[in-house]
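Spelled out, the chains give:
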Amino acid sequence: MAARKKKAVQEEVITSYKGFDANWQCRGFQFAVGGKFKHDGEVKACASGFHACEYPLDVFKYYSPAGSKFAVVSQSGDLARHADDSKVASKKLEVKAELSIAGLVKAAIEFTTSKCLPIDPESPASSTGYQGAASSTGDYGAASSTGYQGAASSTGDYGAASSTGYQGAASSTGDYGAASSTGYQGAASSTGYQGAASSTGDYGAASSTGDYGAASSTGYQGAASSTGDYGAASSTGDYGAASSTGDYGAASSTGKHAVALAAGREGRAMATESGAIVLLYRNDDGEIVHIRASKVGENGIKANVFYMLNADGEFVEA
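Residues numbered from 1 in each chain as written. Predicted model: local features only at pLDDT ≥ 70, side-chain atom pairs only at ≥ 80, totals over all residues. Heavy atoms only, no water.

Moving on, we get to the overall build of the chain. Scanning the chain for helices and strands turns up one helix and 28 strands. Scaling as 2.2 N^0.38, a compact globule of 318 residues should have a C-alpha radius of gyration of about 20 Å, and the chain matches this with 21 Å. The C-alpha extent of the chain, read off along each of the three principal axes, is 80 × 55 × 35 Å. For the chain, the residues scored as buried account for 50% of the 318 residues in total. The contacts in the chain between residues at least 6 apart in sequence include a share of 32% that link residues at least 24 apart. A total accessible area of about 14,700 Å² is found for the chain, and carbon and sulfur atoms account for 49% of it. Positive and negative side-chain charges of the chain, numbering 25 and 32 respectively, have mean locations separated by a distance of 12 Å. (Helix = DSSP H or I, 4+ residues; strand = E, 2+ residues; numbered from the N terminus. Rg over C-alpha atoms; globule rule 2.2 N^0.38 Å. Buried < 20%, exposed > 50% of the residue type's maximum accessible area, 1.4 Å probe, protein only. Contact = heavy atoms within 4.5 Å. Areas by Shrake-Rupley, 256 points an atom, 1.4 Å probe, with all protein chains shown as cover. Lys, Arg positive; Asp, Glu negative; His and termini not counted. Charge placed at Lys NZ, Arg CZ, Asp CG, Glu CD.)

Moving on, we get to the pairing of strand 14 (residues 178-181). Of the two faces of strand 14, both are covered, the one formed by Ala 178 and Ser 180 as well as the one formed by Ala 179 and Ser 181. As paired elements, strand 12 (residues 160-163) and strand 14 share four bridges and run parallel to each other. Of the residues in strand 14, the one forming a bridge with Ala 160 is Ala 178. Note that strand 14 and strand 16 (residues 196-199) share four bridges and pair parallel. Looking at the pairing, Ser 180 lines up with Ser 198 of strand 16. (Pairing = 2+ DSSP bridges.)

Another point: the packing of aromatic side chains. Summed over the entire model, instances satisfying the criterion amount to 21 aromatic pairs. An angle of 55° between the planes, with centres 4.8 Å apart, marks the rings of Phe 29 and Phe 31 as tilted. Judged by its relative accessible area of 35%, Phe 29 is partly exposed. Relative to Phe 37, the ring of Phe 29 has its centre 5.8 Å away and its plane inclined at 85°; by these criteria the two rings are edge-to-face. Owing to a relative accessible area of 17%, Phe 37 belongs among the buried residues under this scheme. (Phe/Tyr/Trp six-rings, centres within 6.5 Å; stacked < 30°, edge-to-face > 60°.)

Our focus in this paragraph is the layout of surface pockets. Here the largest pocket is characterised by a volume of approximately 460 Å³. As for the largest pocket, its lining consists of 20 residues, of which Lys 18, Cys 26, Arg 27, Gly 49 and His 51 are closest to the centre. Every element with two or more residues in the lining of the largest pocket is listed here: strand 1 (14-20) and strand 5 (50-53). Ranked by residues supplied to the lining of the largest pocket, first place goes to strand 5 with four residues. Estimates place the volume of the second largest pocket at around 400 Å³. What lines the second largest pocket is a set of 20 residues, among which Pro 65, Gly 67, Ser 68, Met 270 and Phe 306 lie closest to the centre. (1 Å grid on protein atoms, 1.4 Å probe; cavity = no way out; pocket = protein on both sides within 12 Å on 5 of 7 lines; lining within 4 Å. Points joined across faces, edges and corners; volume = space filled by probe spheres on them.)

Spelled out as structure tokens, the structure:
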């Protein structure tokens, strides 16, 4: 009787997010977009192997939002997970595509939403009518408002709030929460630790107040505000504004005639050719020592480069 062939065990492959320095290096190892890499030797979280994070905003713990490169990657082979956050070590890693801060915010919202419980259209967590309201208060919950001037609120950890109607509002107050507003003149607010807020409609606003959080505004004349330490604010629409007021935060404004403001200690700001940056320098007590603003193209300020102020009040590349 012929011996049965053993069924091949399918290798686990996960999607993760990784940070790099400006030259696409991590701890001296050279990576490249589109490249596939294999680690020789033991795989151990925080010790050996290739490391990336399953939750997109966890990358800010290891790479500053200013001056770093970020990418979506796939990990496979031997996998070893970190106990304190979503960091994973792996034997194999493929760098799929580069991501902007706005791309990380979008990925964080999608990640959180995918973990939430499905929304029952008949439940209080879902509202589709004019001026309706949806509220979710439990962990891993989701609230969705799709009608004109509606509101969605999620207060539990890992919750998600989405408002897609005109002049709607989405608010997420739990840790690792996500708030998304896609309608015209909408607002999204995330107040928990490592939360993400995204506003994609024109004249919209996105606010992230927790540490390591991120806010992204992609619509025309939109505003993105990040007030937590190590946070990031990204405004990609024309005439928009990005503001980062937490320590070690970054503000990026890439739309035409847009402004980026970094007001926290060791904050960074970047703008494109027709934009402007505003920076502060604070002493160890948090007192303002210098404040300086400049249009791109003046005072040595180059487009698409992050700057900070030194102790003399001079612009220096971050």
